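So the chains spell out like this:
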Amino acid sequence: MKQLKIIGLSALVLLISASLAFAIGAGVGRDSTIVAKKGKAKTVQELIDMYDSTGCIDCHEDTHEDWAASPHARSIYGTGRAAATMITAMKNGFMAWEYSGVKTTKDIKVEHLMGCMKCHLPQMADAEDSVAVELADDLMEWFANAKKALKDPDDEKAVDRRDELEETLTSLNINCLVCHNRMAITHKWTDGYPQHDTVYGYNDGEHDDENFPKMKRSLIMDESILCGQCHGLGPNLELENPTQCATAYGSYMWAYRAEGGQESCQECHMEKSGLGHKILSYSDPAMIDLALDFEVESYVSQWLDGSTLKPKAVVKVKMVNRAGHSIPDG
Amino acid sequence: MARGNNMGRGPYEKSSIVEDTGLPPGKEVEARFDIFYPVMDGPDGRQIAEEREMDVTVELWYKPFGTMDSAVLWREWDATISLDKKSKPTTYSSGNPK
């Protein structure tokens, strides 16, 4: 009987160990990431707070201003068009698909949103399904009020609610902590997991921030793979229902580096362009100058066939894409 | 969904590409345009060019959404292309009114 009790106790201990392992996941140090320390977000506000980077502004004001002007600062809202496209992706996508399990926004889970959020908000993976429902409802409500406000700009209730939700949606973004912590280490079994008290950049040492007192070198901070985690390879085949959005890193690897190209994303989009953390692309004059050689040649010829004359101008446009990926791409 | 030869614009509508009309990195791409001058019947019944000059503008636009909505003008080239320049007059009288 005593032996049975010991076996029973051992089994219980094993079960508890197993369930803890599943909760934390494999890998040493995974239990000290931001999400492991704080626990998964249960509300949109908790997700915003989990990666709140406002503490960085005091010391990195210029960098913050650059970032605030970047698309990363409004990664799910964009100009409003990105947010509207996400609604289309929900309505025409998994809400319309027979086997997705989604009929209304209440059925939406984090995994449904990851087709968009894998890149537009990678920290969405650190949230519970209740956040997916809340975010989907926020998007729908923002759109409904934006339409009302557009139709009747004097509709104060609609204008106020639209603005309120726009603020929420723009608070969910790719900020300092997303790149300099959460996404700063790709090879976690080799280099360790990003730790909750550390910011990752070019140096090791102390960091003057009570929440992030440590600074460590990220081996990918100046490598294209950092950006490639989102500006991706093409189809996201790991999803239950694959999507395809960004293909820039795939194009970079197979059409640029494979042909001898040597520069990184950061070298063109941050350094040579002088853009820093604005990290702009097709709309920025410096990037437009860097992107392309453009040459036009023209001449005339006349083709006379009996009494039929065909004079024509021939215009030849020669272009060489000097970017490290196909144009257009993203 | 690219499980055939259809591919949509939305990310949820595709999982591959069926063709790429973008500019590949490092490769020269040439686009040629043949633009015909208008012609008319001359006094001898043969055709002559109605206009001797043509103003041509080439614009390269980046269209993030495939339309002119939010499109950005990247390059522009314009020139007046004359039948009397850069080409010798044709030896056939019908081709040259003067």
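Quick notes on the rules
- Residues numbered from 1 in each chain as written.
- Chains lettered and ligands numbered in written order.
- Predicted model: local features only at pLDDT ≥ 70, side-chain atom pairs only at ≥ 80, totals over all residues.
- Helix = DSSP H or I, 4+ residues; strand = E, 2+ residues; numbered from the N terminus.
- Rg over C-alpha atoms; globule rule 2.2 N^0.38 Å.
- Buried ≥ 20, exposed ≤ 12 C-beta atoms within 10 Å, placed from the backbone.
- Contact = placed C-beta atoms within 7 Å.
- Pairing = 2+ DSSP bridges.
- pLDDT = per-residue confidence, 0-100.
- Nonpolar A, V, L, I, M, F, W, Y, C, P; charged D, E, K, R; others polar.
- Axes fitted to C-alpha atoms, helices over the stretch in contact; angles between N-to-C directions.
- Parallel < 35°, antiparallel > 145°, perpendicular 65-115°, else oblique.
- Left-handed = near helix turned anticlockwise from the far one by under 90°.
- Domains from an automatic or database assignment.

### Focus: the overall build of chain A
On a plain count of helices and strands, chain A comes out with 14 helices and five strands. Rg of the C-alpha trace for chain A: 25 Å, well past the compact-globule value of 20 Å for 330 residues, more than 25% over. Taken along the three principal axes of its C-alpha coordinates, chain A extends 115 × 50 × 45 Å. Taken across its 330 residues, chain A has 31% of its residues classed as buried. Pairs at least 24 apart in sequence give 54% of the contacts found in chain A among residues at least 6 apart.

### Notes on the sheet that holds strand β3 (residues 214-217) of chain A
Residues and elements named next belong to chain A. With mixed pairing, three strands are arranged side by side in an open sheet as β1-β3-β2. At either end of the open sheet lies a strand with only one pairing partner, and these are β1 (198-201) and β2 (205-206). When β1 meets β3, the two strands line up parallel, connected through four bridges. Within β3, the position partnered with Y200 by the bridge is K216.

### Re the confidence of the model for chain A
With 93% of its residues at a pLDDT of 70 or more, chain A has an overall mean of 92. Note that residues 12-22 of chain A has pLDDT below 50 and, in this model, zero contacts with residues that lie over four places away or in other chains.

### Topic: the interface of chain B and chain A
Counting residues at the interface gives 47 residues for chain B and 48 residues for chain A. Only β1 (28-36), β3 (47-49), β4 (53-62) and β5 (72-82) of chain B provide two or more residues apiece to the side of chain B that touches chain A. Broken down by element, the residue count for the side of chain B that touches chain A peaks at nine residues, all from β1(B). Its residues assigned to classes, the side of chain B that touches chain A shows 27 nonpolar, eleven polar and nine charged.

### Focus: the environment of S273(A)
Residues and elements named next belong to chain A. Here S273 is to be found in the loop between α13 (265-272) and α14 (285-291). Along the chain, S273 and Q262 lie eleven residues apart, while their C-alpha atoms are 16 Å from each other. If near-sequence neighbours (up to four positions away) are discounted, S273 is found in contact with C268, D284, A286, M287 and L290.

### Thoughts on the packing of helix α6 (residues 110-120) of chain A against helix α7 (residues 129-151) of chain A
Residues and elements named next belong to chain A. At a minimum axis distance of 9 Å, the contact between α6 and α7 shows a crossing angle of 60 degrees. Here α6 lies oblique to α7, going by the angle between them. Considering only the axes of α6 and α7, their crossing is left-handed. Taken together, the residues of α7 that come into contact with α6 (itself represented by V110, H112 and L113) are D129, A132 and L135. Class assignment for the residues of the contact of α6 with α7 results in four nonpolar, one polar and one charged.

### Considerations on the domain arrangement of chain A
All names here are of chain A. Taken domain by domain, chain A holds domain 1 (1-32), domain 2 (39-219) and domain 3 (225-330). Contributions of two or more residues to the side of domain 2 that touches domain 3 are made by α4 (61-68) and α6. For the side of domain 2 that touches domain 3, the class distribution of residues is eight nonpolar, six polar and three charged.

### Describing unusual backbone geometry
Between I327(A) and P328(A) the backbone carries a cis peptide bond, its omega angle lying at 0 degrees. Positive phi is not limited to glycine here, since I279(A) has a value of about 40 degrees. With respect to the helices, strands and loops of the structure, I279(A) is situated in the loop between α13 and α14. Residue I279(A) is classed as buried on the basis of its 22 C-beta neighbours within 10 Å. A positive phi angle, close to 65 degrees, is found at S70(B), a residue other than glycine. Judged by local crowding, S70(B) falls into the partly exposed class, with 13 C-beta atoms found within 10 Å.

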